[in-house]
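# Observations on the three-dimensional arrangement
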Amino acid sequence: RKHMIKFRHREIKFDTPKVMGILNVTPDSFSDGGHFSTVDTAMRQAELMVNAGAAFIDVGGESTRPGAVAVALQEELDRVIPIIESIGKQLDVVVSVDTSKAQVMTQAVESGAGLINDVRALRNEGALNAAIHAANHFNVPSCLMHMQGKPQNMQYKPHYVGVVEEVLSFFERRIQECTDAGLNYQHILIDPGFGFGKTLDHNYQILKNLQKFNKFEVPLLVGMSRKSMIGNLLQRDVNQRLAGNIATATIAALAGVEIIRVHDVDETMDAIKIVNKLQSVE
Ligand SMILES: Nc1nc2[nH]c(SCC(=O)O)nc2c(=O)[nH]1
């Protein structure tokens, strides 16, 4: 397992799971959606998460929730670039850009992003080349996430013969394709993509078998916070899922996951401290 990986000029030691704070910059996440309030509000939220212990801040301008509509390139750039620049200038944290568009990756990295987080595993036109350029020129790694189908249809009828085996073999293939194209192994992270083309049981089968992803010897990133795998099971609204968020984050920490992507940074840090203590005693 990669215990040390460089994100641009920052070296992150994975001696303990790190927290990635989610910064939602889609317009419906702000009151007036105006530019000033967007960047200003986002910066305040980012600062809270960094102060609470987040080692990463994930900035995404395209909602990839089930049924989400596509966002135009310029719109996505307008949403994320000002915030990525602002965080890069003001906060000591690795800024991750959650995008599938090659041009957004390139501009985000030129604006200071230290990680490319692509829910489509660099399969869009030009994305793999953009990631290779970011890695070789700026030492910026990319996270490859598994998704079955597209946000518009992925939850219609997810079907696998064996979900864990199929996701594992997806990574076998995709990592090989990326390294063959020139992306170095030390610039790759992987993520099983909870909720992206999976039923409730598929998600828990993956959660139960997270250790199997260690075979790739690259850092593992997981995102379960506020998702339907928690909400549907507990019958809780999206803002009533804190207990479920913490339970799933704790399970991930116990499984040795390197990066846990969450909304509730402060509470997740407490859970990780408890797991760290547990793993430090005989
Ligand atoms: N790497 C990674 N990136 C993500 N971006 C989203 S957006 C949907 C939501 O947060 O509900 N989920 C994930 C995830 O699970 N992994």
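The following paragraphs examine the structure supplied in this document. Quick caveat, the model's predicted, so the values are computed rather than measured. (Residues numbered from 1 in each chain as written. Predicted model: local features only at pLDDT ≥ 70, side-chain atom pairs only at ≥ 80, totals over all residues. Heavy atoms only, no water.)

## A short note on the overall build of the protein chain
For the record, the criterion: A run of H or I in DSSP becomes a helix once it reaches four residues, and a run of E becomes a strand once it reaches two; helices and strands are each numbered from the N terminus. Each radius of gyration is computed over the set of C-alpha atoms, and the globule rule expresses the reference value as 2.2 Å times the number of residues to the power 0.38. A 1.4 Å probe rolled over the protein chains alone gives each residue an accessible area, and that area as a share of the maximum for its type sets the label: buried under 20%, exposed over 50%, partly exposed in between. What makes two residues a contact is simply this: any of their non-hydrogen atoms within 4.5 Å. Working definition of accessibility: Shrake-Rupley area with a 1.4 Å probe, residue cover restricted to the visible protein chains.
Helices and strands together make up the secondary structure of the protein chain, namely 9 helices and 10 strands. Against the globule reference of 19 Å for 282 residues, the protein chain gives a C-alpha radius of gyration of 17 Å, in line with a compact fold. Projected onto the principal axes, the alpha-carbon positions of the protein chain cover approximately 45 × 40 × 40 Å. A total of 282 residues make up the protein chain; the buried ones form 55% of that total. Restricting to contacts in the protein chain with at least 6 residues of sequence separation, those with at least 24 account for 73%. For the protein chain, the exposed area adds up to about 12800 Å²; of that, 50% sits on carbon and sulfur atoms.

## Considering the packing of helix α8 (residues 242-254) against helix α9 (residues 265-280)
The description of two packed helices rests on the angle between their axes and on the distance between the axes. This is how the line gets drawn: Only the stretch in contact is used when fitting a helix axis, every axis being a line fitted to C-alpha atoms; angles between N-to-C directions are given from 0 to 180 degrees. In this scheme the crossing of two helices becomes right-handed for a clockwise turn of the near helix relative to the far one and left-handed for an anticlockwise turn of less than a right angle. The classification used treats Ala, Val, Leu, Ile, Met, Phe, Trp, Tyr, Cys and Pro as nonpolar, Asp, Glu, Lys and Arg as charged, and all other residues, Gly among them, as polar.
Close contact between α8 and α9 brings their axes to 9 Å; oriented N to C, the two are set at 35 degrees. Here α8 and α9 pass one another in a crossing that is right-handed. Contacts between α8 and α9 involve Leu242, Ile246, Ala249, Thr250, Ala253 and Leu254 on the former and, on the latter, Glu267, Thr268, Ala271, Ile272, Val275, Leu278 and Gln279. Its residues assigned to classes, the contact of α8 with α9 shows 9 nonpolar, 3 polar and 1 charged.

## Comments concerning the sheet that holds strand β5 (residues 94-98)
The pairing of strands in a sheet comes from backbone hydrogen bonds and takes either a parallel or an antiparallel form. To keep things clear, this is the line we draw: If DSSP finds at least two bridges between two strands, the strands pair.
Taken together, the 8 strands give an open sheet; going across it, the order is β8-β7-β6-β5-β4-β3-β10-β9, and neighbouring strands pair in parallel fashion. Of all strands in the sheet, those bounded by a partner on one side alone are β8 (188-191) and β9 (221-223). Direction aside, neighbouring strands of the sheet carry axes that sit 25 degrees apart on average. When β9 meets strand β10 (residues 259-262), the two strands line up parallel, connected through 3 bridges. Bridging across to β10, Val222 finds its partner in Ile260.

## Focus: α8
Rule in force here: By definition here, a helix of n residues has an expected span of 1.5 Å times n minus one.
With 13 residues, α8 ought to run about 18 Å at 1.5 Å a step, and its terminal C-alpha atoms sit 18 Å apart, in line with that. Among the residues of α8, Gly244, Asn245, Ile246, Thr248, Ala249, Ala252 and Ala253 are the ones counted as buried. Where α8 is buried, its residues meet α6 (200-208), β9, α7 (228-234), β10 and α9.

## What to know about the site of the ligand
Just so we agree on the cut-off: We define proximity as follows: a residue is near a molecule or strand when any one of its heavy atoms falls within 4 Å of that partner. Nitrogen and oxygen atoms within 3.5 Å of one another constitute a polar contact, given that in protein one can donate a hydrogen and the other can accept it, and given that sequence-neighbouring residues count only through two side-chain atoms.
What surrounds the ligand is the set Thr64, Arg65, Asp98, Asn117, Val119, Met145, Asp191, Phe196, Leu221, Gly223, Lys227 and Arg261. Interatomic distance of 2.3 Å between a side-chain N/O atom of Arg65 and an oxygen atom of the ligand. For the ligand, a nitrogen atom lies 3.0 Å from a polar atom in the side chain of Asp98. About the coverage of the ligand: the protein hides 93% of its 380 Å² of free accessible area. Split into classes, the residues belonging to the shell around the ligand amount to 4 nonpolar, 3 polar and 5 charged.

## Describing the pairing of β10
Where burial is concerned, the two faces of β10 agree: the one with Ile259 and Arg261 and the one with Ile260 and Val262 are both buried. Note that strand β3 (residues 18-24) and β10 share 4 bridges and pair parallel. Considered in β10, the bridge of Met20 is made with Arg261.

## Observations regarding the side chain of Arg261
Among the structural elements, Arg261 can be located in strand β10. Taking the relative accessible area as the measure of exposure, Arg261 reaches 18% and is therefore buried. A polar contact of 2.9 Å, which involves the side chain of Arg261, links it to the side chain of Asp58. Dropping the residues within four chain positions of it, Arg261 is found in contact with Met20, Ile22, Asp58, Asp98, Asn117, Leu221, Val222, Gly223, Met224 and Ser225.

## Details of the nonpolar core
For clarity, the threshold we go by: Buried residues of nine kinds, namely Ala, Val, Leu, Ile, Met, Phe, Trp, Tyr and Cys, make up a nonpolar core once their side-chain atoms join them within 4.5 Å.
Judged by nonpolar contacts, the single largest core of 76 residues is most densely connected at Leu23, Val59, Ile87, Leu122, Leu210 and Phe213. Apart from residues lying up to four places away in sequence, Leu122 is in contact with Met105, Ile116, Ala127, Leu128, Ala131, Ser142, Leu144, Arg174, Cys178 and Leu183. One finds Ile12, Met20, Leu189 and Leu221 within the second-largest nonpolar core, a separate group that totals 13 residues.

Note that all results are geometric; they support no functional claim without further evidence.
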